[in-house]
Amino acid sequence: MKAIQFSQYGGPEVLEVVEVTEPHAGPGQVRIRVEASGVNGMDWKIRQGFLKEMIPLEFPAGSGLDAAGTVDEVGEGVTGVDVGDEVFGQGSSTLAEFAVLQHWAKSPALLTPEEAAGYPIPVETAIRILGQVDLRRGQRILVSGAAGGVGSALVQIAKDRGFEVIGTASAANQDYLVELGAIPTTYGDGLVERVRALSPEGVDAAFDISGSGVIPELIELTGDASKVVSIADFSAPEQGAQVSSDAGDMTAALEEAARLYAAGHFTIPVERAFHLEQAGEAQAASAGGHVRGRLVVVPVG
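As recorded in an unreviewed UniProt entry, the protein chain goes by the name NADP-dependent oxidoreductase, listed as coming from Frondihabitans cladoniiphilus. Within the UniProt record for the protein chain, the comment given under Subunit (unreviewed entry) is "Homotetramer."

Visitor: Could you give me a rundown of the overall build of the protein chain, with the residues and numbers involved?
Guide: Scanning the protein chain for helices and strands turns up nine helices and 15 strands. For the C-alpha atoms alone, the extent of the protein chain along its principal axes is close to 60 × 40 × 30 Å. Within the protein chain, buried positions represent 53% of all 301 residues. In the protein chain, once contacts between residues fewer than 6 apart in sequence are set aside, the share between residues at least 24 apart is 64%.

Visitor: Give a description of the packing of helix α3 (residues 120-130) against helix α4 (residues 149-160) that names residues and reports values.
Guide: Where α3 contacts α4, the two axes come as close as 8 Å, and the packing angle between them is 55°. In this view, α3 runs oblique relative to α4, as classed from their interaxial angle. Crossing geometry of α3 relative to α4 is assigned as right-handed. Side by side, α3 and α4 meet where P122, V123, T125, A126, I127, I129 and L130 of the first sit next to G149, V150, A153, L154, I157 and A158 of the second. Taken together, the residues that form the contact of α3 with α4 break down as eleven nonpolar, two polar and no charged.

Visitor: Please set out the UniProt feature "domain: Enoyl reductase (ER)" (unreviewed entry) in the protein chain residue by residue, giving values where relevant.
Guide: As annotated in UniProt, the feature "domain: Enoyl reductase (ER)" (unreviewed entry) corresponds to residues 10-297 in the numbering used here. Helix makes up 28% of residues 10-297 and strand 25%, with an end-to-end C-alpha separation of 20 Å.

Visitor: Can you break down the packing of α3 against helix α8 (residues 250-262) residue by residue, with the values?
Guide: At a closest axis distance of 9 Å, the pairing of α3 and α8 adopts a crossing angle of 100°. Between α3 and α8, the crossing angle belongs to the class labelled roughly perpendicular. Residues P120, I121, V123, E124 and I127 of α3 form the contact with α8, whose participating residues are M250, A253, L254, E256 and A257. Grouping the amino acids of the contact of α3 with α8 by side-chain chemistry returns eight nonpolar, no polar and two charged.

Visitor: Requested: an account of α4, with residues and values cited.
Guide: Spanning twelve residues, α4 covers 17 Å between terminal C-alpha atoms, matching the ideal 16 Å at 1.5 Å per step. Burial runs high along α4: ten of the twelve residues are buried. By the burial criterion, the buried members of α4 are G149, V150, G151, S152, A153, L154, V155, Q156, I157 and A158. Taken from the residues just after α4, G162 is the one with a positive phi, measuring 95°.

Visitor: I'd like a description of the side chain of R140, backed by residues and values.
Guide: Here R140 is to be found in strand β8 (residues 140-144). You can call R140 buried: its relative accessible area is 18%. In this structure the side chain of R140 is engaged in a polar contact, spanning 3.4 Å, whose partner is the side chain of S199.

Visitor: Can you break down the pairing of strand β14 (residues 270-275) residue by residue, with the values?
Guide: Bridging between β14 and strand β15 (residues 294-298) involves five bridges; their strand directions are parallel. Pairing of V270 across the sheet is with R294, part of β15. Taken together, β14, helix α9 (residues 279-288) and β15 constitute a β-α-β crossover, and its handedness is right-handed.

Visitor: I'd like to hear about the sheet that holds β8, residue by residue, with values.
Guide: Taken in spatial order, the six strands line up as β10-β9-β8-β11-β12-β13 in an open sheet, and their pairing is parallel. The open sheet has two free edges, formed respectively by β10 (183-186) and β13 (242-243), since each of these has just one partner strand.

Visitor: A description of unusual backbone geometry should follow, citing residues and the corresponding values.
Guide: Along the chain, F59 connects to P60 via a cis peptide bond; the corresponding omega equals -5°. Of note, P60 is situated in the loop between α1 (41-48) and β4 (61-62). The phi angle at S93 is positive, at roughly 50°, despite the residue not being glycine. Mapping S93 onto the fold places it in the loop between β6 (86-91) and β7 (98-106). In this model, L110 sits at a positive phi of 80°, which is unusual for a non-glycine residue. Looking at the secondary structure, you find L110 in the loop between β7 and α2 (113-116). Classification of L110 by relative accessible area gives exposed; the value is 78%.

The rules behind the values
- Residues numbered from 1 in each chain as written.
- Predicted model: local features only at pLDDT ≥ 70, side-chain atom pairs only at ≥ 80, totals over all residues.
- Heavy atoms only, no water.
- UniProt positions renumbered as here; feature names shortened; annotations may be inferred.
- Helix = DSSP H or I, 4+ residues; strand = E, 2+ residues; numbered from the N terminus.
- Buried < 20%, exposed > 50% of the residue type's maximum accessible area, 1.4 Å probe, protein only.
- Contact = heavy atoms within 4.5 Å.
- Axes fitted to C-alpha atoms, helices over the stretch in contact; angles between N-to-C directions.
- Parallel < 35°, antiparallel > 145°, perpendicular 65-115°, else oblique.
- Left-handed = near helix turned anticlockwise from the far one by under 90°.
- Nonpolar A, V, L, I, M, F, W, Y, C, P; charged D, E, K, R; others polar.
- Expected span 1.5 Å × (residues − 1).
- Polar contact = N/O pair within 3.5 Å; in protein donor to acceptor, adjacent residues only side chain to side chain.
- Pairing = 2+ DSSP bridges.
- Right-handed = clockwise from strand over helix to strand, strands pointing away.

This is how it looks when you write it as structure tokens:
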């Protein structure tokens, strides 16, 4: 089968389309014929070597974590899913024609594989960081970097849980934030003043998705550093804020995403779909930021 691999750390150019032996589902796993793979910041950070202490690789290594497709093998001990079912979930080396998943959920009716492939990491991350702050229905949160995958998921999940949401994004994505259900504003200089104009008493919690150096402003707006959580700025604890990086319950997150989509309360649009040989271009686009929704890779037809 065709798959993406790389034999050294480096830029997008180290990714190659190669022929490899098909993987097979082990105990507690399913294999899918991949119809789309999600592109995450984690993918290019692993490829670049930024996470080699946390996630050591044996070369040549595959790439990709999230995917959606049709189950064609069910491992020992797996129940509740059959060959032929459409699922989305998380595994490893998902930039390929076939991939093994460790966590999955059945795709609800009408959810396309392209959109579903973009759900796993954003949804798990959003649910996890919301759970790190004690919030009550009706309280207001700020999402800094609300137009990307994690931000889009966080806005919608927070709205479903009864929170009011202010979101920051570029001027071009203000209408998109409104569609998600957020009160929009732009990022950059003057953030505190713009947010206070929308919410004079500040916000009850703030989430830094983009890592753009706004932790001091978010602390000022919450009045409590412990109510600020970042997934991208690892200096946040030096300022009293929280960092979240350890994954939570992925299967529960996938099931929550399926439920919310089926109820009409959740969607993350696909900004662009790349072919397998464009995986490097897709990861470069992810690293560049300013993505509205998600980027995905589809196997070559």
